[in-house]
Amino acid sequence: MKIFAKTVIMVAALVIGGWTAANAQDKPWAIDQVIGKADAPITIIEYSSLTCPHCAKFHAEAFPKLKAEWLDTGKAKLIFRDLPWDPLAQATAMISHCSGDRYFAFLNTFFRTQEQWARSQQPLTAIKTIAKLGGMSEDQVDKCIADNGLLNEINARKDDGMKRYNVDSTPSFIINGKLYSGDMTYDEFAKLLSAAK
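All values reported here derive from a predicted model rather than from experimental measurement. (Residues numbered from 1 in each chain as written. Predicted model: local features only at pLDDT ≥ 70, side-chain atom pairs only at ≥ 80, totals over all residues. Heavy atoms only, no water.)

Attention now moves to the overall build of the chain. For the chain, the count of helices and strands is 9 helices and 5 strands. Written out in order from the N terminus, the α and β elements of the chain read α-β-β-α-β-α-α-α-α-α-α-β-β-α. Summarising the internal contacts of the chain: among those between residues at least 6 apart in sequence, 75% fall at separations of at least 24. Accessible area for the chain stands at about 9,500 Å²; split by element, carbon and sulfur atoms hold 52% of it. (Helix = DSSP H or I, 4+ residues; strand = E, 2+ residues; numbered from the N terminus. Contact = heavy atoms within 4.5 Å. Areas by Shrake-Rupley, 256 points an atom, 1.4 Å probe, with all protein chains shown as cover.)

Take a look at the structure:
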């Protein structure tokens, strides 16, 4: 399919050389996906929805520098938690979790191709095409999005974030226990992290 020409290269690059989660995979999927060292002095919890344009912008523009300067250096760790607002965000979140240690590769790919699949006339078909390029069969995808245990875990984290931290929009970030929301540049985000030291 023409609209997925760039996606083929992107998925291949991300799956082969993609990020891996720091947490142990004691289930076929793990809800709290972590980047960074466990003993990092700053903890960031990100609540995000895969159909949220501001979330996609953050991951395209600010996140690479955040990862390089804060997460990879041990200054901070990031816990990613899904806060899906609609069925498409829910499906792509579930598929990302079912990919195992390729979670962040799938997440990043879904963010980067958001306009293609989210605006498609057949979004589920588009989502399955991306998942297939990442190595998941249609049967695996179907079983994944029918997994009520996974769905319940995602919803439990979503409910917890809304109750514990008053998260009501995406992207939202909890930095050492304090809530910050909205579309931020890397420099704006880095200032918050510097103040949290």
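Per the stated rule, a full pass over the model turns up 1 disulfide. What pairs with Cys98 in a disulfide is Cys144, and their sulfur atoms sit 2.1 Å apart. Its S-S torsion of about 90° marks the bond between Cys98 and Cys144 as right-handed, since a negative value means left-handed. With a gap of 46 residues between them, Cys98 in helix H3 (residues 87-98) and Cys144 in helix H7 (residues 138-145) connect regions that are remote in the sequence. (Disulfide = S-S within 2.5 Å.)

The next subject is the layout of surface pockets. The calculated volume of the largest pocket comes to roughly 190 Å³. If you trace the largest pocket, you find it lined by Thr51, Pro53, Ala56, Lys57, Phe111, Arg112, Thr113, Gln114, Glu115, Gln116, Ala118 and Arg119. Taken together, the residues of the lining of the largest pocket break down into 4 nonpolar, 4 polar and 4 charged. (1 Å grid on protein atoms, 1.4 Å probe; cavity = no way out; pocket = protein on both sides within 12 Å on 5 of 7 lines; lining within 4 Å. Points joined across faces, edges and corners; volume = space filled by probe spheres on them. Nonpolar A, V, L, I, M, F, W, Y, C, P; charged D, E, K, R; others polar.)

A word on the pairing of strand E3 (residues 76-82). With 7 of 7 residues buried, E3 is to be regarded as a mostly interior element. Of the two faces of E3, the one carrying Ala76, Leu78, Phe80 and Asp82 and the one carrying Lys77, Ile79 and Arg81 are both buried. Examined bridge by bridge, strand E1 (residues 33-35) and E3 share 3 bridges and lie antiparallel to one another. By the bridge assignment, Ile35 is partnered in E3 with Leu78. Strand direction decides the pairing type here: strand E2 (residues 42-48) and E3, joined by 7 bridges, are parallel. Directly across from Thr43, in E3, lies its bridge partner Lys77. (Buried < 20%, exposed > 50% of the residue type's maximum accessible area, 1.4 Å probe, protein only. Pairing = 2+ DSSP bridges.)

In this structure the tally under the stated criterion is 8 aromatic pairs. Consider the rings of Tyr47 and Tyr165, whose centres lie 6.4 Å apart with planes at 55°: the pair is tilted. Of this pair, Tyr47 sits in strand E2 while Tyr165 is found in the loop between helix H8 (148-164) and strand E4 (172-175), placing the two residues 118 residues apart along the sequence. Ring pairs connect the aromatic residues Phe58, Phe173 and Phe189, which therefore count as one cluster. Between the NZ or CZ atom of Lys75 and the centre of the ring of Trp70, over which it lies, the distance is 5.1 Å. (Phe/Tyr/Trp six-rings, centres within 6.5 Å; stacked < 30°, edge-to-face > 60°. Lys NZ or Arg CZ within 6 Å of the ring centre and 35° of its normal.)

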